[in-house]
Amino acid sequence: MIILGLSAFSHDASAAIVQGGRILFHAEEERYDRIKHSSAFPELAIQRGLKFLNLNAEDIDHVAFSFCPNQEIFGNAKLFLRNLPRSLNLLKGDGEGESFWSRNRNQARIMKALRAKFNLRDEVPCTFVNHHTAHAASAVYNSGFEDAAVLSWDGRGEFETTCFFDFQTRDLKKISRVQVPHSLGHFYSAVTSHLGFRPFHDEWKVMGLSAYGSPRYVQSMSQLMKRTAPMKFELDTSYFSFFTDGRSKWVSERFVSQFGDPRKPGETLNQNHFDLAFALQRTIEAVGVELAKDLKMATGRANLCLVGGVALNILLNSKIIQESDFKNVFVMPVSSDAGGSIGAAQFVAAKRDTGFSPTKLEHLFFGDGSTDEQIELAIRRAGLQFEKTSEIEMKVAQALANSKIVGWYQGRMESGPRALGSRSILANPEDSQTRDRLNKIIKKRESFRPFAPSCLEEDVFDYFDLPKNVNSPFMVVGGMTKEASRSKLAAVTHVDGSARVHTVSKSANPRYWETISRFKNLTGLPVVLNTSFNESEPIVADPEHALNCFMRTEMDALAIGNFWIEKPT
């Protein structure tokens, strides 16, 4: 059974193609329409997936959508009526030109859009899957666990913000939930907005900013969110306005009175901003760990799955791994709404596909890729000089050893928000000036944002401390660079000594592993600096994107397939 999973009309739209519960293809629409966190109907992602797999619309047996529009309409109506007359502001839209009602209308018409654009057969059914159920399914069916407790948390899905599940074999049972407006995700987004960043887009910037803060606001911030019972928490809604004003106004005057005026986008960051980010992060961690402990007590499971937008907070994930009593923790790496398309399709497969047999997630290379012929044609069209080589790994390793910055475009594209050695920019991890150069003139982003180390799996614990010595193949947990290695790894170690570690195995990504191994032979370090291949845009998807990004930035060289391109010196 071929199932098409979709997530659309919110943020991080995506398409997944699943057979027997296994992921054949997955990609975010943003990679193709070049709009960050695109909310569009994922027409391009569907097209690319079908083409790459040599399928067409006639091969689709079922459609699964990671939202139940009717459930959200009912939940929104209750919230709207409860908060009249302030909630009349919601009728104006959410601050980005869209109202809840228009989004629900588009979601409900998803099959009409599919049939219009792809000539989908009339008899193909569509299952609307509850948002958090889709999240939970994406975690458990890729974890390799036979049974697990599942914690799904984000801003909101329909009218739920946090859901607790118990899972055994195929049976996924929701055992508790927290409803709007009480939301860890919206709490984090509200402070993100107050700090002058874009909610639903820049929360990870605030997480990075927290390393510069002090505990000054921790006590007062912790009063804004309290755990009220096992698997329950509440916001002090007097500090927030998002549930009555939408995205146009996230916090109330009471919040401003206590924590200071909002920062305007682009305004210089100061210690007050750092301290707010620190307090926010510590508050989320404290509540999150207690909720995980509640779930352990309720289920007695040895295994835990974390999923949803909040699960992209690597510092929180690390705290839960370290401080909860779960023996094994799997964090779904595509935890944003982009992963909903995977989960919706796998949830339907578990119910309907007799061949259902998912496997443990070993990699995330589920996008499409390019042949050498396609790459060479793109290079020639760009008018660039190139060398075709069978030694691309050594070329890159030598360039990195000489402190060059190299674009890396290889194989199938990664799913999710992290570059994992398929669409990456690579650099020497030793030189902090390289980090500053990357931020300033290549990535063109804030100077406080750290870069990740990609480390050979077999060497990782010689250089980094990770919670309970877990590996980090998907960059979803945080670690600390060992004291003795911090001077050697200055470009990939954050100001507080932390690192967003990426462990690289030979089986999952042999070419990337070989490149780092060659770099180790030259320098003694089994680590390279790894950041996403982009410049204030979505990660590159096609050779043309990679070539354009390479030419307009100050990267020194590009390894694209088996082709090596250097800029004139």
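Each remark here, short or long, concerns the structure printed above.
Overview of the structure.

About the thresholds
Residues numbered from 1 in each chain as written. Predicted model: local features only at pLDDT ≥ 70, side-chain atom pairs only at ≥ 80, totals over all residues. Heavy atoms only, no water. Helix = DSSP H or I, 4+ residues; strand = E, 2+ residues; numbered from the N terminus. Rg over C-alpha atoms; globule rule 2.2 N^0.38 Å. Buried < 20%, exposed > 50% of the residue type's maximum accessible area, 1.4 Å probe, protein only. Contact = heavy atoms within 4.5 Å. Areas by Shrake-Rupley, 256 points an atom, 1.4 Å probe, with all protein chains shown as cover. Lys, Arg positive; Asp, Glu negative; His and termini not counted. Charge placed at Lys NZ, Arg CZ, Asp CG, Glu CD. Pairing = 2+ DSSP bridges. Arc of directions from axis to C-beta. Axes fitted to C-alpha atoms, helices over the stretch in contact; angles between N-to-C directions. Phe/Tyr/Trp six-rings, centres within 6.5 Å; stacked < 30°, edge-to-face > 60°. Lys NZ or Arg CZ within 6 Å of the ring centre and 35° of its normal. Salt bridge = Lys/Arg side-chain N within 4 Å of Asp/Glu carboxyl O.

**Quick notes on the overall build of the protein**
Phase 1 of the analysis: Assigned secondary structure in the protein consists of 20 helices and 23 strands.
Phase 2 of the analysis: Here the C-alpha atoms of the protein give a radius of gyration of 23 Å, agreeing with the 25 Å that 2.2 N^0.38 yields for 569 residues.
Phase 3 of the analysis: Expressed as a percentage of the 569 residues in the protein, the buried residues total 60%.
Phase 4 of the analysis: Across the protein, contacts joining residues at least 24 apart in sequence account for 71% of those joining residues at least 6 apart.
Phase 5 of the analysis: Looking at the protein as shown, the accessible area adds up to about 21800 Å², and 48% of this sits on carbon and sulfur atoms.
Phase 6 of the analysis: Computing the positive centroid from 68 side-chain charges and the negative centroid from 66, the protein places the two 3 Å apart.

**Describing the pairing of strand E21 (residues 527-532)**
Residues in a regular strand point their side chains to alternate faces of the sheet.
Phase 1 of the analysis: With respect to burial, E21 is a largely interior element, 6 of its 6 residues being buried.
Phase 2 of the analysis: Looking at chain direction, strand E15 (residues 423-427) and E21 are connected through 4 bridges and run antiparallel. Note on E21: the bridge partner recorded for Ser-424 is Ser-532.
Phase 3 of the analysis: With 4 bridges joining them, strand E16 (residues 452-456) and E21 adopt antiparallel strand pairing. Along E21, the bridge assignment pairs Cys-455 with Val-527.

**Some details on helix H16 (residues 392-401)**
Phase 1 of the analysis: Taken together, the buried positions of H16 are occupied by Ile-392, Glu-393, Val-396, Ala-397, Ala-399 and Leu-400. Considered in projection along H16, the buried side chains sweep an arc of 165° and stay on one side of the axis.
Phase 2 of the analysis: Buried residues along H16 sit in contact with strand E14 (406-409), E15, helix H19 (510-523), E21, strand E22 (557-560) and strand E23 (563-566).
Phase 3 of the analysis: Just downstream of H16 lies Ser-403, where phi reads positive at about 65°.

**Observations concerning the sheet that holds strand E2 (residues 14-19)**
Phase 1 of the analysis: Strands sit in the order E3-E2-E1-E4-E5 across an open sheet of 5 strands; the sheet is mixed. If you trace the sheet from one side to the other, it starts and ends with strand E3 (22-28) and strand E5 (126-128), each paired once. Taken over all neighbouring pairs, the strand axes of this sheet differ in orientation by 20° on average, direction set aside.
Phase 2 of the analysis: Sheet topology note: the E2/E3 ladder contains 6 bridges and is antiparallel. By the bridge assignment for E3, Val-18 is matched with Ile-23.

**A word on the packing of aromatic side chains**
Phase 1 of the analysis: Tallied over the entire structure, the rule returns 15 aromatic pairs.
Phase 2 of the analysis: With a centroid separation of 5.6 Å and 85° between ring planes, the pair formed by Phe-187 and Phe-240 is classed as edge-to-face. Here Phe-240 lies in the loop between strand E10 (232-235) and helix H10 (242-245) and Phe-187 lies in helix H7 (residues 184-194), a separation of 53 residues in the sequence. Neither Phe-187 nor Phe-240 differs from the other in exposure class; each is buried.
Phase 3 of the analysis: Ring pairing ties together the aromatic residues Phe-187, Phe-200, Tyr-217, Phe-240, Phe-242, Phe-243, Trp-250, Phe-255 and Phe-259, which thus form one cluster.
Phase 4 of the analysis: Sitting over the ring of Phe-197, Arg-263 keeps its end group 4.9 Å from the ring centre.

**Things to note about the pattern of salt bridges**
Phase 1 of the analysis: Scanning the entire structure with this criterion turns up 36 salt bridges.
Phase 2 of the analysis: One salt bridge connects Arg-31 with Glu-28, and the closest N-O pair in it is separated by 3.9 Å. Across the pair, Glu-28 and Arg-31 agree in class, each one buried.
Phase 3 of the analysis: Between Arg-31 and Glu-30 there is a salt bridge, with the nearest N and O atoms lying 3.7 Å from each other.
Phase 4 of the analysis: Each of Arg-34, Lys-444, Glu-535, Glu-537 and Arg-552 takes part in a single network of salt bridges with overlapping partners.

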